[in-house]
Every structure is written in structure tokens, then in C-alpha cells.
Amino acid sequence: MTAKKAFDFDDYKEYLRYMEHSRAHLQRGFRSRLAEETGCQNPFITQVLNSNANFSLEQGLRISKYLGHSEEEKKYFVLLIELGRAGTEELKSYFKSQLLELKDVYLNIKDRVGHDFVLNAETRAQYFSQWYFAAIHVLVTIPKFRSVESISKALNMQAETVQQAALFLIPCGLLFEKSGTLTPGPTQLHLGKDSPDISKHHSNWRIAAINSLSRQERGDIHYSTVSSLSEKDVKALQSKFIQDIENYVETVKVSGEETAYCFNLDFFRLIG
């Protein structure tokens, strides 16, 4: 089941109740977190969600940030609050027309590329800030690693860290959760070499490779060398490595999900 976004709702309270239910198995105290983010008391959160009371726009912005909205979804969510606060039918009609325009843009993007692939800059930066976001994201494609406990054990990480990572990945549409079971969203996230996050992405996995040296797992392969060679052979090796990468990608596309490996390749000029 695809996780819903704010765009799928016409009432922000209904959306927040959905978010509370969708996170229930991973995070207790959703309303307490909303109270903390908005600087108000828990009873007020319950009053807003269950009565005619409304959040302020300032509180709405804080909630949007907490939920990890993209810029477009943030605009839509805050407009939903403005709609809820509107006191006349004329003003409600005005906000409804703005919401409809934003939803049309969202649906157009979703039809072209799929909304799960659209990550805003802030979300993308967080995803590539630590190696384990991608590791958890991919590990969930393997059926036996679809709980916080199993992932924590497999990666030798604290369960709390895995849980917080899942709570980040779920609103992005990169993971889904139902009754405590995690399932994968889209896994092919490509970064161009001009992306501001590409350096961190490469650094993360080279650090992970360094850490794997201390474990000395049977079957792991690590090879490092420095060589002098001809320019002709440099071009030949570059071509071969590119072909090897293409072959690797094609193999992985059709391979069954049974285990998880990291593949790094470094081949670069040492002199200017």
C-alpha cells in the first residue's frame, strides 16, 4: 500500500489523524511530539484534532517541518490550515481553488515520474547524510529484514537509531509500514555527479568499506594499490571499469533479494 501524502486530503486534521495511525507501530506519543513541536500542551492537540479548534499558521509550519514535507507539500499543508481557519464561504472558496492548483501540479509530476522519487533538497541531504539511511532502505527489500529488530541485528545498530531512520524514510515514501512490518518503496535513487550530495554519498560508503576491514568477513574483497602506467592503459582500464559497472547494474536489476553488499570502485589520478 502506497503511503498517502497531504495532497491526498482535503482536511488537514484528517491527514494528521492518518499520520498518527500510520506511525503507531513505530512511534508512540505522536500527539506529544506535535505538542513539543508546536510549543503547546497535549490537550490542545486533542482539541484541534477532535473539535473546531485550529492550529495557527506558525504551528502548521513547525508541524510540516517535523513531518518532513517537501516545499510543495508544505505549501499545500499550510493552505489546508488556512482553509480550516477560514470564516466565510468566499474565503474558503479562494483557498480551495489554490489547493486545487497545487494538487494539479502534484498529480502532473506524479504521472510523469512517480511522486515517491521526488525528494526535496532538505530531505535528499538528510538521506545522504548517513550511510545507514540507504542501507536500511535497501535492506528492507529482503523479506527477512522487515522489522526494526531484524534490521538492528543485521547492521549491528541500536534499535532506536533504526526506528528513527524508518520514521524519516516512511513520510518520504521510500519505506511503507503496516502493523509493524516495513516494506520497500522505490530503491533506485540516482545522484548526478553535479549533485551537492554526491560527495557525502561516496564518503559514506568508503567509510563503511573501511569499517568492514576490521570484521574480516570470509568472502569480502578489498584491494588497494598505487601504480604507474601508460596513458593508453589508463583509457583502456577506464573503459573496462565503466563496462564492469554497467554489467553490475544490469545484474542487480534482475537479481533476487537475499543478502546485501556494498560495491565501491576508486580509480583516480594522483598527480595534477
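See above for the structure.
Residues numbered from 1 in each chain as written. Predicted model: local features only at pLDDT ≥ 70, side-chain atom pairs only at ≥ 80, totals over all residues. Heavy atoms only, no water.

*Asks:* Tell me about the packing of helix 4 (residues 57–66) against helix 5 (residues 71–85), and please be specific about residues and values.
*Replies:* One can describe the packing of helix 4 onto helix 5 by two numbers: an axis separation of 9 Å at closest approach and a directional angle of 150°. The two elements helix 4 and helix 5 cross, and the hand of that crossing is right-handed. Judged by residue contacts, L57, G60, L61, I63 and S64 of helix 4 engage K74, F77, V78, I81, E82 and R85 from helix 5. Considered class by class, the residues forming the contact of helix 4 with helix 5 number six nonpolar, two polar and three charged. (Axes fitted to C-alpha atoms, helices over the stretch in contact; angles between N-to-C directions. Helix = DSSP H or I, 4+ residues; strand = E, 2+ residues; numbered from the N terminus. Left-handed = near helix turned anticlockwise from the far one by under 90°. Contact = heavy atoms within 4.5 Å. Nonpolar A, V, L, I, M, F, W, Y, C, P; charged D, E, K, R; others polar.)

*Asks:* Go over helix 3 (residues 42–50), please, and point to the residues and values.
*Replies:* Along an α-helix, a turn takes 3.6 residues, which lines up residues three or four apart on a common side. Those residues of helix 3 lying buried are I45, V48 and L49. Across the axial projection of helix 3, the buried residues extend over an arc of 95°, all falling on one side. Facing away from the buried side of helix 3 by over 90 degrees, the exposed positions are P43 and N50. (Buried < 20%, exposed > 50% of the residue type's maximum accessible area, 1.4 Å probe, protein only. Arc of directions from axis to C-beta.)

*Asks:* Provide a residue-level description of the pattern of salt bridges, including the pertinent values.
*Replies:* Under the criterion given, the structure shown has 10 salt bridges. R33 serves as the salt-bridge partner of E36, at 3.9 Å between the closest nitrogen and oxygen. Placement of the pair is E36 and R33 together in helix 2 (residues 30–38), with a separation of three residues, close to one helical turn. The class for E36 is exposed, based on a relative accessible area of 58%. When its relative accessible area of 25% is taken as the criterion, R33 is described as partly exposed. (Salt bridge = Lys/Arg side-chain N within 4 Å of Asp/Glu carboxyl O.)

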